[in-house]
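What follows is each chain in one-letter form.
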Amino acid sequence: SQQGEEDPQALSIQEGENATMNCSYKTSINNLQWYRQNSGRGLVHLILIRSNEREKHSGRLRVTLDTSKKSSSLLITASRAADTASYFCATDRPGGSYIPTFGRGTSLIVHP
Amino acid sequence: DAGVTQSPTHLIKTRGQQVTLRCSPKSGHDTVSWYQQALGQGPQFIFQYYEEEERQRGNFPDRFSGHQFPNYSSELNVNALLLGDSALYLCASSELPQLHEEQFFGPGTRLTVL
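Engineer: I keep staring at the overall build of chain B and nothing clicks. Help me out?
Structural biologist: Check the secondary structure of chain B and you find zero helices and 11 strands. Secondary structure of chain B in N-to-C order comes out as β-β-β-β-β-β-β-β-β-β-β. In chain B, buried positions account for 50% of the 114 residues. Taking contacts inside chain B between residues at least 6 apart in sequence as the whole, the part at least 24 apart equals 55%. Accessible surface computed for chain B: about 5300 Å², of which carbon and sulfur atoms make up 48%. Charged side chains of chain B number 8 positive and 12 negative; the gap between the two group centres comes to 13 Å.

Pasting the structure below:
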């Protein structure tokens with residue numbers, strides 16, 4: 001079973017628009033990570049947010065974490081065609097071995 | 001500074017055969033993890049190697065085994081291949097064995113089982 005689930009499954013926007021994707025998880029976590037994957041290649045780490053943090057920024061990326069709702073969001077501002085990719089959240093499970101669990105991802109298409 | 005490298009890029013095998021995939025971690029990293037990513041799914045953790053030992057394992061059968069060499073490179077072996085083993089196999093390396101820290105992924109090996 002998957003710990004994190006991204007929503008929506010697919011998102012199609014125009015260049016310059018903002019893209020928001022969400023991740024919900026089931027059990028408490030120590031941290032949550034967002035990754036990007038271009039066309040079936042390796043994953044690129046974007047941001048790690050810890051359970052005691054509420055918001056983090058990295059360039060055009062903004063990640064929020066709401067532990068009370070067990071959810072996180074990734075916002076990409078002023079999107080570019082190069083942002084076209086699949087985006088995954090990965091959560092760990094505390095209280096033992098930290099095995100990262102990925103959701104199915106959000107497929108983002110940014111039209112030029 | 002070379003990132004994580006994997007070989008081969010693509011591989012086609014027949015059911016029942018055995019396969020070995022290889023991974024070289026990013027310079028300075030001593031921990032290697034392997035993931036299986038089926039089409040349309042997120043990566044699933046197979047196992048992690050640190051100090052030449054398997055440290056953690058996901059929910060995969062014993063047909064999946066691995067090895068880490070003194071130079072930190074790693075191999076993933078899959079025996080008695082099934083059609084369902086067709087997937088992208090990703091290797092990730094990190095400085096620390098704690099999986100909740102940042103990992104750097106290789107480009108993957110696409111395995112097709114016929």
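Engineer: What's the story with the sheet that holds strand β3 (residues 19-24) of chain B in this structure? I'm lost.
Structural biologist: Strand pairing in a sheet is mediated by backbone hydrogen bonds. Such pairs are either parallel or antiparallel. All names here are of chain B. The sheet built from four strands is open, its strands ordered β1-β3-β8-β7 with antiparallel pairing. Each having just a single partner strand, β1 (5-7) and β7 (64-68) make up the two edges of the open sheet. Averaged over neighbouring strand pairs, the angle between their axes works out to 20° when direction is ignored. Note: β7 against strand β8 (residues 74-78), five bridges, orientation antiparallel. When the bridges of β8 are listed, H67 appears paired with E75.

Engineer: Explanation requested: the interface of chain B and chain A in the structure shown.
Structural biologist: Quoted interface sizes are often the accessible area lost when the parts come together. Of the residues lining the interface, 21 residues belong to chain B; the matching set on chain A comes to 21 residues. Summed over both partners, the interface of chain B with chain A buries about 1700 Å², with 53% contributed by carbon and sulfur atoms. Counting the contacts that link chain B with chain A gives zero salt bridges. Where chain B packs against chain A, one counts three residue pairs in polar contact (both at pLDDT 80 or more).

Engineer: What should I look at first to understand the state of the cysteines in this one?
Structural biologist: Chemically, a disulfide is nothing more than a covalent bond linking the sulfur atoms of two cysteines. Per the counting criterion, the structure on display carries two disulfides over all chains. In this model C23 of chain A forms its disulfide with C89 of chain A; the gap between the sulfur atoms is 2.0 Å. Here C23 of chain A and C89 of chain A share a disulfide; its torsion about the S-S bond, 65°, makes the bridge right-handed. Residue C23 of chain A is located in strand β3 (residues 19-25), and its partner C89 of chain A is located in strand β9 (residues 85-91); the two are separated by 66 residues in the primary sequence. Here C89 of chain A falls in the buried class, since its relative accessible area comes to 0%. One disulfide in the model links C23 of chain B with C91 of chain B; its S-S distance is 1.8 Å.

Conventions adopted
- Residues numbered from 1 in each chain as written.
- Chains lettered and ligands numbered in written order.
- Predicted model: local features only at pLDDT ≥ 70, side-chain atom pairs only at ≥ 80, totals over all residues.
- Heavy atoms only, no water.
- Helix = DSSP H or I, 4+ residues; strand = E, 2+ residues; numbered from the N terminus.
- Buried < 20%, exposed > 50% of the residue type's maximum accessible area, 1.4 Å probe, protein only.
- Contact = heavy atoms within 4.5 Å.
- Areas by Shrake-Rupley, 256 points an atom, 1.4 Å probe, with all protein chains shown as cover.
- Lys, Arg positive; Asp, Glu negative; His and termini not counted.
- Charge placed at Lys NZ, Arg CZ, Asp CG, Glu CD.
- Pairing = 2+ DSSP bridges.
- Axes fitted to C-alpha atoms, helices over the stretch in contact; angles between N-to-C directions.
- Buried area = accessible area lost by both parts, 1.4 Å probe.
- Salt bridge = Lys/Arg side-chain N within 4 Å of Asp/Glu carboxyl O.
- Polar contact = N/O pair within 3.5 Å; in protein donor to acceptor, adjacent residues only side chain to side chain.
- Disulfide = S-S within 2.5 Å.

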